[in-house]
Amino acid sequence: MEPIFRIATDADPELRLAMMREYYAYDGHAYDEARARVALVTFLREPSFGRAWLICDAETPVGYIVLTFGYSLEYLGRDAFIDELYLRESHRGQGWGSQTLKFVENEARASDVRSIHLEVVRTNVTANEFYRRAGYTDRAHFLMSKWIEQGFAKPTPGSH
């Protein structure tokens, strides 16, 4: 079977939140359901932020991908970030991830995106190799982040 991509909407976010929880546990990210819900619904309601799709096996969602939009002088215009790509274990290693990347790259081109970035947990050797085979390269730069929200602390792994 081939994956079917369905644009995600803010109607009934429970499925997407459940998959986010699975993905975050798999990759070792902190997960705070209340804050994740607000971030997800806010994202889905504002098209200028990007797009999210459910990855479906016929009618059954088995994963999702989120593409966020940005702008880069270095990359000469609009760029995008694959913020999250998650496939349930039952659909890994069967070409679904590769097909998902091709789909999102075509969607990005249709939105005048010139380059796509992503980040990978260094210890996830399988994901690193998958992205390299798909043409993504390590630019020998570090992604550095700083949490600047003063209203609440950034969730840490194991907090809920």
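Above this text you will find the structure in question.
Residues numbered from 1 in each chain as written. Predicted model: local features only at pLDDT ≥ 70, side-chain atom pairs only at ≥ 80, totals over all residues. Heavy atoms only, no water.

In terms of nonpolar packing, the biggest core is built from 21 residues, with L67, I82, L85, L101, I116 and Y131 touching the most fellow members. Counting only elements with at least two residues in this core, the list comes to β2 (50-57), β3 (60-72), β4 (77-87), α3 (96-110) and α4 (125-133). Looking at which element gives the most residues to this core, the answer is α3, with 5 residues. Apart from residues lying up to four places away in sequence, L101 is in contact with I82, L85, F130, Y131, A134 and Y136. L17, Y24, L44 and Y86 belong to the second-largest nonpolar core, a separate cluster that totals 17 residues. (Core = buried A, V, L, I, M, F, W, Y, C linked by side-chain atoms within 4.5 Å. Buried < 20%, exposed > 50% of the residue type's maximum accessible area, 1.4 Å probe, protein only. Helix = DSSP H or I, 4+ residues; strand = E, 2+ residues; numbered from the N terminus. Contact = heavy atoms within 4.5 Å.)

To continue, consider the environment of S90. By secondary structure assignment, the location of S90 is in the loop between β4 and α3. When the C-alpha positions of S90 and L143 are compared, they lie 31 Å apart, and in sequence the two are 53 residues distant. Side chain to side chain, S90 and H91 meet in a polar contact 2.7 Å long. (Polar contact = N/O pair within 3.5 Å; in protein donor to acceptor, adjacent residues only side chain to side chain.)

What follows covers the environment of D138. Along the chain, D138 falls in the segment after α4. Sequence separation between D138 and E119 is 19 residues, and the spatial gap between their C-alpha atoms is 9.5 Å. Polar contacts involving the side chain of D138 include one to the main-chain amide nitrogen of A140, which spans 2.8 Å.

Where β2 lies against β3, 8 bridges are found, and the strand directions are antiparallel. Within β3, the position partnered with L54 by the bridge is Y64. Here β2 hands over to β3 after 2 residues, with A58 in that stretch at a positive phi of 60°. Two elements, β3 and β4, share 10 bridges in a ladder whose sense is antiparallel. Considered in β4, the bridge of I65 is made with L85. (Pairing = 2+ DSSP bridges.)

A few words on the sheet that holds β2. Ordered by their spatial adjacency, 5 strands build an open sheet running β1-β2-β3-β4-β5, and the pairing between neighbours is mixed. Two strands lie at the open edges of the sheet, namely β1 (4-7) and β5 (115-118), each paired on one side alone. Strand-to-strand twist in this sheet, taken as the mean axis angle between neighbours without regard to direction, amounts to 30°. In the sheet, β1 pairs with β2 via 4 bridges, with the strands oriented antiparallel. Looking at the pairing, F5 lines up with I55 of β2. (Axes fitted to C-alpha atoms, helices over the stretch in contact; angles between N-to-C directions.)

Applying the stated criterion across every chain yields a total of 7 salt bridges. Here E14 ties to R37 by a salt bridge, and the two come within 2.6 Å at their closest N and O atoms. Remark: R37 occurs in helix α2 (residues 33-45) and E14 occurs in helix α1 (residues 14-27); sequence separation between them is 23 residues. On the basis of relative accessible area, E14 is assigned to the partly exposed category, the value being 38%. According to the relative accessible area criterion, R37 is partly exposed, its value standing at 28%. A single salt-bridge network, built from bridges that share partners, covers E14, R21, E33 and R37. (Salt bridge = Lys/Arg side-chain N within 4 Å of Asp/Glu carboxyl O.)

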